[in-house]
Amino acid sequence: MNNKRHIKITEPVIGEEEIEKVVEVLRSKWLVHGPVVEEFEQKFAEYIGVEHAIAVANGTIALQLILEALGIGSGDEVIVPDFTFIATANTVLMRGAKPVFADIELETYTIDVDDVLEKITSKTRAIIAVHLYGHPADMRALREIADDYKLYLIEDAAQAHGAEIDGVKVGSIGDAAAFSLYATKNMTTGEGGIITTNIGWIAERIRLLRNHGQVRKYYHITLGGNYRLTSIQAAIGLVQLSKLDKLNERRNSNAQYLTTRLSKIEGIRPPKVKPGYKHVWHQYVIWIEDTFPYTRDEVRDKLSKYGISTAIHYPLPLHLQPLYRALGYPENICPNSIDASRHVLSLPVHPLLSKEDLDYIVETILLLSKRR
Ligand SMILES: Cc1ncc(COP(=O)(O)O)c(C=O)c1O
């Protein structure tokens, strides 16, 4: 095996088209909110199949603005999965509300619908479903629960641009959805975020909050901030959006290839996709069984020595993060989340991998599995 190889866990796919579009915007001198941002919003809304898309500075702000627009704040509870990037829960805290952690299902690592039901109280105002790794959460069941209990249903689609359930895109199922456009995401603007919704008053309120509550030049009807996306970022976003399906297809064929080969290795559990769901493989996450000759952390170290970068999404369940322990959250409230944090390993799956890269990843894991 060639030890000189270096396979990155992720790499943005930026071509001449993005560069040209950015130069075009720079030449136009319209650098801030302008026609390119509006075009990006329109095209993104069309792609997701919603009425409104509002481009903002990042995915964290996108979630915060949704919560703020919905009037969620002090005294309110919001149910979030315990196993996700911390922004999902922290945006609730930032609004002065309380994140309530629900466990995940181990088949897809997304929020466990039965545990959501357990966690509803008279203070619950909303559920945030995270389409973790690019696999949609069970939005049908969550929609029913949200409707039954009169809760808002928010999608954290930061990792799931283009994912679908029965042909319907995520980002169009909840009351509002937040996408991140960070550099490692399936499509990027460097930093950036975009909110989608079909509900007119939510869109209108978010547009106000994004721009100092301004309705016309220097006339402000509510408290807002500056959470805008620049025209330069929108230019990159427009080109990335036009490539998204192709890039997702590459991720999907890489994932299928890995799964076909890895499923033959004892002690490695490849990721599953529920029937009717379209996974967009933001991450390709395997489960290292306790029977595998090396622990998850040892596998990660060994792969690194062979030049294969991996990642752990995520090494600590949110309720065990020092931030939440200090706020008095008890230990061990979400056993599946704890279990996942100890066993999952994200392998490279990004569109720039070659077949040789994929073979090298599989063969290295196969080699590790043969330790006596
Ligand atoms: C699940 C999830 N939610 C929210 C965010 C926040 O997005 P951003 O980094 O653009 O603020 C991320 C980004 O990593 C994420 O993965």
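A. Representation of the overall build of the protein. Counting its regular elements, the protein contains twelve helices and 15 strands. In terms of C-alpha radius of gyration, the protein reaches 21 Å, essentially the compact-globule figure of 21 Å for 372 residues. Taken over the C-alpha atoms alone, the protein extends approximately 70 × 55 × 40 Å along its principal axes. Across the 372 residues that make up the protein, the buried fraction comes to 56%. Taking contacts inside the protein between residues at least 6 apart in sequence as the whole, the part at least 24 apart equals 70%. Taking the average place of the 43 positive charges on the side chains of the protein and the average place of its 47 negative ones, the gap between the two points comes to 5 Å.

B. Examining the domain arrangement of the protein more closely. Considered domain by domain, the protein is made up of domain 1 (16-239) and domain 2 (244-369). On a C-alpha basis, the centres of domain 1 and domain 2 stand 25 Å from each other. Inspection of the domain 1/domain 2 interface yields one salt bridge. Here domain 1 and domain 2 share 22 residue pairs in polar contact (both at pLDDT 80 or more) between them.

C. Fine view of the nonpolar core. Formed by 31 residues in total, the largest nonpolar core has its most connected members in Ile66, Val78, Phe101, Ile154, Ile195 and Ile206. Looking at this core, the elements with two or more residues in it are β1 (52-56), α3 (59-69), β2 (77-81), α4 (87-94), β4 (124-130), β8 (176-180) and α7 (200-210). Among the elements that take part in this core, α3 stands out by supplying seven residues, more than any other. Counting residues in each nonpolar core, the second largest holds 29 residues, with Ala157, Ala163, Ile236 and Leu244 among its members.

D. Geometry of unusual backbone geometry. Cis rather than trans, the peptide bond between His313 and Tyr314 has omega equal to 15 degrees. Mapping Tyr314 onto the fold places it in the loop between α9 (296-305) and α10 (322-326). Phi is positive for Tyr109, close to 70 degrees, though the residue is something other than glycine. For Tyr109, the location among the structural elements is in the loop between β3 (98-102) and α5 (113-119). In this structure, Tyr218 takes a positive phi of about 55 degrees despite not being glycine. Here Tyr218 shows up in the loop between β10 (214-216) and β11 (219-220).

Cut-offs and rules
Residues numbered from 1 in each chain as written. Predicted model: local features only at pLDDT ≥ 70, side-chain atom pairs only at ≥ 80, totals over all residues. Heavy atoms only, no water. Helix = DSSP H or I, 4+ residues; strand = E, 2+ residues; numbered from the N terminus. Rg over C-alpha atoms; globule rule 2.2 N^0.38 Å. Buried < 20%, exposed > 50% of the residue type's maximum accessible area, 1.4 Å probe, protein only. Contact = heavy atoms within 4.5 Å. Lys, Arg positive; Asp, Glu negative; His and termini not counted. Charge placed at Lys NZ, Arg CZ, Asp CG, Glu CD. Domains from an automatic or database assignment. Salt bridge = Lys/Arg side-chain N within 4 Å of Asp/Glu carboxyl O. Polar contact = N/O pair within 3.5 Å; in protein donor to acceptor, adjacent residues only side chain to side chain. Core = buried A, V, L, I, M, F, W, Y, C linked by side-chain atoms within 4.5 Å.

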